[in-house]
Number of protein chains: 2
Amino acid sequence: MAEGGSGSPGGESLLFLTDEQLRQGIEAMFFAYRGFTADPDRILAEHAYGRAHHRAIHFINRSPGTTVNNLLNILGVTKQSLNRVLRALIGDGLVESRVGTRDKRERHLYLTEAGDALEAELSIAQRARMRAAYRLAGPEAVRGFRTVLESMMDPEMRNRFHALKDAAP
Amino acid sequence: MAEGGSGSPGGESLLFLTDEQLRQGIEAMFFAYRGFTADPDRILAEHAYGRAHHRAIHFINRSPGTTVNNLLNILGVTKQSLNRVLRALIGDGLVESRVGTRDKRERHLYLTEAGDALEAELSIAQRARMRAAYRLAGPEAVRGFRTVLESMMDPEMRNRFHALKDAAP
DNA sequence: CTTGGAATGTCAACAAGGCTGACATAAAGT
DNA sequence: ACTTTATGTCAGCCTTGTTGACATTCCAAG
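Overview of the structure. All figures in this text were calculated on a predicted structure; none of them were measured in a lab. (Residues numbered from 1 in each chain as written. Chains lettered and ligands numbered in written order. Predicted model: local features only at pLDDT ≥ 70, side-chain atom pairs only at ≥ 80, totals over all residues. Heavy atoms only, no water.)

What follows covers the sheet that holds strand E3 (residues 107-111) of chain B. Residues and elements named next belong to chain B. A sheet is described by the order of its strands in space; here 3 strands give the open sequence E1-E3-E2, paired in antiparallel fashion. On the outer flanks of this sheet lie strand E1 (66-67) and strand E2 (95-99), each paired with one strand and no other. In this sheet, E3 lies alongside E1 in antiparallel orientation, the contact comprising 2 bridges. Bridge pairing links Thr67 to His108 in E3. In the packing of helix H2 (residues 51-62) onto the sheet, the strands contacted are E1, E2 and E3, and the crossing angle to E3 comes to about 95°. (Pairing = 2+ DSSP bridges. Helix = DSSP H or I, 4+ residues; strand = E, 2+ residues; numbered from the N terminus. Contact = heavy atoms within 4.5 Å. Axes fitted to C-alpha atoms, helices over the stretch in contact; angles between N-to-C directions.)

A word on the protein's contact with DNA strand D. Taken together, 24 residues lie near DNA strand D, and Gly50(A), Arg55(A), Lys79(B), Gln80(B) and Asn83(B) sit nearest. Within the backbone of Thr78(A), an N or O atom sits 2.7 Å from a phosphate oxygen of DNA strand D. Asn83(B) is positioned such that a nitrogen or oxygen atom in its side chain is 2.2 Å from a phosphate oxygen of DNA strand D. Listed by contribution, the elements that provide at least two residues to the surface near DNA strand D are helix H2 (51-62) and helix H4 (79-91) of chain A together with helix H3 (68-75) and helix H4 (79-91) of chain B. Here the surface near DNA strand D is built from residues that sort into 3 nonpolar, 9 polar and 12 charged. (Near = heavy atom within 4 Å. Polar contact = N/O pair within 3.5 Å; in protein donor to acceptor, adjacent residues only side chain to side chain. Nonpolar A, V, L, I, M, F, W, Y, C, P; charged D, E, K, R; others polar.)

This part takes up the pairing of strand E3 (residues 107-111) of chain A. Where strand E2 (residues 95-99) of chain A meets E3(A), 5 bridges bridge the pair, whose relative direction is antiparallel. By the bridge assignment for E3(A), Val95(A) is matched with Leu111(A).

It is worth spelling out the interface of chain A and chain B at this point. Facing 65 residues of chain A, the contacting portion of chain B comprises 65 residues. Buried surface at the junction of chain A and chain B, both sides included, amounts to about 6800 Å², of which 71% is carbon and sulfur. Where chain A packs against chain B, one counts 10 salt bridges. For the pair chain A and chain B, the interface holds 18 residue pairs in polar contact (both at pLDDT 80 or more). Elements with a contribution of two residues or more to the side of chain A that touches chain B: helix H1 (19-46), H2, helix H3 (68-75), helix H5 (113-152) and helix H6 (155-167) of chain A. Ranked by residues supplied to the side of chain A that touches chain B, first place goes to H5(A) with 25 residues. Among the residues making up the side of chain A that touches chain B, the classes are represented as 36 nonpolar, 13 polar and 16 charged. (Buried area = accessible area lost by both parts, 1.4 Å probe. Salt bridge = Lys/Arg side-chain N within 4 Å of Asp/Glu carboxyl O.)

Right, let's get into the sheet that holds strand E1 (residues 66-67) of chain A. All names here are of chain A. The 3 strands lie next to each other as E1-E3-E2, forming an open sheet whose pairing is antiparallel. For this open sheet the edge positions go to E1 and E2, each flanked by a neighbour on one side alone. Contacting E1, E2 and E3, H2 crosses the sheet at an angle of about 95° to E3.

In the structure shown here, the tally under the stated rule is 24 salt bridges over all chains. One salt bridge connects Arg129(A) with Asp39(A), and the closest N-O pair in it is separated by 3.1 Å. Here Arg129(A) is found in helix H5, whereas its partner Asp39(A) is found in helix H1, with 90 residues between them in sequence. Asp39(A) sits in the buried class, given a relative accessible area of 17%. Of the charged contacts in the structure, one is a salt bridge between Arg160(A) and Glu156(A), with a shortest N-O distance of 3.4 Å. In this pair, Arg160(A) and Glu156(A) both sit in helix H6, 4 residues apart, roughly one turn of the helix. Bridged by salt links that share partners, the residues Glu20(A), Arg23(A), Glu27(A) and Arg62(B) form one connected network. (Buried < 20%, exposed > 50% of the residue type's maximum accessible area, 1.4 Å probe, protein only.)

Moving on: the protein's contact with DNA strand C. Lining the immediate environment of DNA strand C, one finds 23 residues, of which Asn69(A), Arg107(A), Arg55(B), Gln80(B) and Lys104(B) sit closest. For DNA strand C, the fraction of protein-proximal atoms (within 4 Å) that sit in sugar or phosphate groups is 54%. Note that a phosphate oxygen of DNA strand C is positioned 3.4 Å from one of the side-chain N or O atoms of Arg107(A). With respect to DNA strand C, the side chain of Ser81(B) contributes an N or O atom lying 3.4 Å from a base nitrogen. Going through the elements one at a time, H3 and H4 of chain A together with H2 and H4 of chain B are the ones with two or more residues in the surface near DNA strand C. Per-class residue counts for the surface near DNA strand C are 3 nonpolar, 9 polar and 11 charged.

Another point: the layout of surface pockets. Estimated volume of the largest pocket: approximately 470 Å³. Mapped onto the lining of the largest pocket, the elements with two or more residues apiece are H1 and H2 of chain A together with helix H1 (19-46) and H2 of chain B. (1 Å grid on protein atoms, 1.4 Å probe; cavity = no way out; pocket = protein on both sides within 12 Å on 5 of 7 lines; lining within 4 Å. Points joined across faces, edges and corners; volume = space filled by probe spheres on them.)

A word on the relation of the copies chain A and chain B. Structural alignment of chain A on chain B gives an RMSD of 0.1 Å, achieved by rotating through 180° and translating 0.0 Å along the axis. Both copies of the chain, as the preceding transformation shows, are related through a two-fold rotation axis. The position closest to the rotation axis in chain A is occupied by the C-alpha of Phe145(A), lying 1.8 Å away. (Least-squares fit on C-alpha atoms with pLDDT ≥ 70 in both.)

Here is the structure:
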């Protein structure tokens, strides 16, 4: 209506940009995300945790020693929200919080052995779903998948995503 | 660890199935979904609604006259949760609920003019983000994107997704 | 050395949107 | 006619997000 995405396509094949195609993409994102979180959600429920705990555990595992503030920016929640989750994880002995040596205001976060175990349980399940989808779709499709997802991110999030990627061995 | 996704790849190029690649895909999904919902979230906040309202509005628009139970299955929430959202939308005059003629137990849901207006506002914003991402990535990547997302869905959700697709003109 | 600002943590209150349980009503089956 | 099933509603609880206020601790600038 406003942008005329469903108008007559130009000379090239722009049929993949019609409103109907876009709507299907939107719905695909919705349904796929449900599948994406389904397996971890089941595991988390057994441990009386939620997605918020999963996210914290994931990114602490990804960047051991990360500060609370860094985690805050990655997760995009308030410190009060994150603090509630971290308190639970620290209290349950899954996460260790060490006062910074250089800057003692900072708390550096690490997974304990128990935290590592839960992280492994969660990520193995989530990777299994991902691996099955990747295998079924093939490498070509996976490249496209990654390309579109990156284009969909806010620029700031894209930077964080790349920073994480590049930090990996 | 458990499935050995990072072991030596087979004869073909299976490097896209390494744990590291899968982890990057997982993180890409997380960050992309944030972008995916960001624009609607902003609009919804102005109207004092949330994502739950958006989802209901989207699928009522997609299948006018759908029953509450059908919507329930698509959204994957309890009827009590959905009811709270529907009551608000009906009370605010965005959705109309008509008692079924054949089976009077059913309520058939329709968007009013006002509901249509909000739906348009939301979906225009969301499609704009999607369109930009699609255009940047190109048709080939979009095909891959769609393929991987479909493979990631639970089978039941994949069926619902296809049913919606095929119902479209 | 003092002070301002930044990083962290805590407490309290509140809202959105999940959930379960209890229940009313209409339709369908026996 | 009575029971069962399907559907929708209401009430209450929980997680996880939000703001606001405030204490603490420390670095760094004046």
